[in-house]
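The primary structure of each chain is shown beneath.
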Amino acid sequence: AELSERVVKNSAFRSMLELYPEAREIVHDFHSSRYASCLAALETLRPDLLLDLHLRPHVDQLYADIRSKALVQYFSPFVAVDLCRMASAFNVEVDSLEKEIAALIMSGCIPARIDSQAKVLHARHADQRNATFV
């Protein structure tokens, strides 16, 4: 919703995106939840972004933040997600995805737990009753 409001529906930003079709496709892929395509297209832009004197020191962090946001956004509507399906949606191996998600859980970005045996990510919802009386 935030991406749609600030970027896709913003007329000033939309006109800028029209000048850079690669960036427009990346934004539309992210907005449409086509994460593998979005991240692959973003990787093709990396060499050009690294040439920018001001952007270069921030490129790796920007990429990590975009990837983290994509993982959080992918999981947010679900109570449980099969890590094999999620790995295929992001075009990565299950083990590396599991490590990435574990880091996001530990940093508090994803309120969930991983069932490593069944390869399932389960949402951890706060107990509403306890939260009411605290």
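In case you missed it, the structure is sitting above this.
These remarks concern the structure in this document. What you are looking at is a predicted structure, and each value in this text was computed from that prediction instead of being measured.

### A closer look at the nonpolar core
Formed by 26 residues in total, the largest nonpolar core has its most connected members in Phe75, Leu83, Met86, Phe90, Leu97 and Leu121. Elements with a minimum of two residues in this core: helix H3 (21-31), helix H4 (35-51), helix H5 (59-75), helix H6 (83-90), helix H7 (94-106) and strand S3 (120-123). No other element matches the six residues that H5 contributes to this core. Sequence-distant contacts of Phe75, that is, excluding residues within four places in its chain, are made with Val81, Ile110, Pro111, Ala112, Leu121, His122 and Ala123.

### A closer look at the pattern of salt bridges
Scanning all chains against the criterion turns up eight salt bridges. Of the charged contacts in the structure, one is a salt bridge between Glu25 and Arg24, with a shortest N-O distance of 3.8 Å. Since its relative accessible area comes to 39%, Glu25 is described here as partly exposed. Here Glu43 ties to Arg46 by a salt bridge, and the two come within 3.2 Å at their closest N and O atoms. Of this pair, Glu43 and Arg46 both sit in helix H4, three residues apart, which is roughly one turn of that helix. In this structure Glu43 comes out as partly exposed when scored by relative accessible area, which is 41%. It is possible to trace a salt-bridge network through shared partners that takes in Glu18, Arg24 and Glu25.

### Some details on unusual backbone geometry
For Ser33, which is not glycine, the phi torsion reads 65° and is therefore positive. Considering the arrangement of structural elements, one finds Ser33 in the loop between H3 and H4. For Lys119, which is not glycine, the phi dihedral falls at a positive 55°. Mapped onto the elements of the fold, Lys119 is located in the loop between strand S2 (112-115) and S3.

### Concerning the sheet that holds strand S1 (residues 80-82)
Strand order in this open sheet of three strands is S1-S3-S2, and the pairing throughout is antiparallel. Either end of the sheet is taken by a strand with one partner, and the two such strands are S1 and S2. Put simply, the sheet's adjacent strands are angled 20° from each other on average, direction ignored. Bridge count for S2 against S3 is four bridges, and the pairing is antiparallel. Within S3, the position partnered with Arg113 by the bridge is His122. In the packing of H6 onto the sheet, contacts are made with S1, S2 and S3, and the angle to S1 comes to roughly 65°. Packed on one face of the sheet, H7 meets S2 and S3 and runs near 150° to S2.

### Looking at the packing of aromatic side chains
Throughout the structure, instances matching the rule amount to five aromatic pairs. Where Phe30 meets Tyr35, the ring centres are 5.6 Å apart and the plane angle is 80°; that geometry is what we call edge-to-face. In this structure Phe30 comes out as buried when scored by relative accessible area, which is 9%. Using a relative accessible area of 2% as the deciding quantity, one classes Tyr35 as buried. Ring centres of Tyr74 and Phe78 lie 6.0 Å apart, and the angle between their planes is 45°; this geometry places the pair in the tilted category. The exposure class of Phe78 is partly exposed, given its relative accessible area of 38%. Linked through ring pairs, Phe30, Tyr35, Tyr74, Phe78 and Phe90 together constitute an aromatic cluster. Seen from the ring of Tyr63, Arg46 lies directly overhead, with NZ or CZ sitting 4.1 Å from the centre.

Conventions adopted
Residues numbered from 1 in each chain as written. Predicted model: local features only at pLDDT ≥ 70, side-chain atom pairs only at ≥ 80, totals over all residues. Heavy atoms only, no water. Core = buried A, V, L, I, M, F, W, Y, C linked by side-chain atoms within 4.5 Å. Buried < 20%, exposed > 50% of the residue type's maximum accessible area, 1.4 Å probe, protein only. Helix = DSSP H or I, 4+ residues; strand = E, 2+ residues; numbered from the N terminus. Contact = heavy atoms within 4.5 Å. Salt bridge = Lys/Arg side-chain N within 4 Å of Asp/Glu carboxyl O. Pairing = 2+ DSSP bridges. Axes fitted to C-alpha atoms, helices over the stretch in contact; angles between N-to-C directions. Phe/Tyr/Trp six-rings, centres within 6.5 Å; stacked < 30°, edge-to-face > 60°. Lys NZ or Arg CZ within 6 Å of the ring centre and 35° of its normal.

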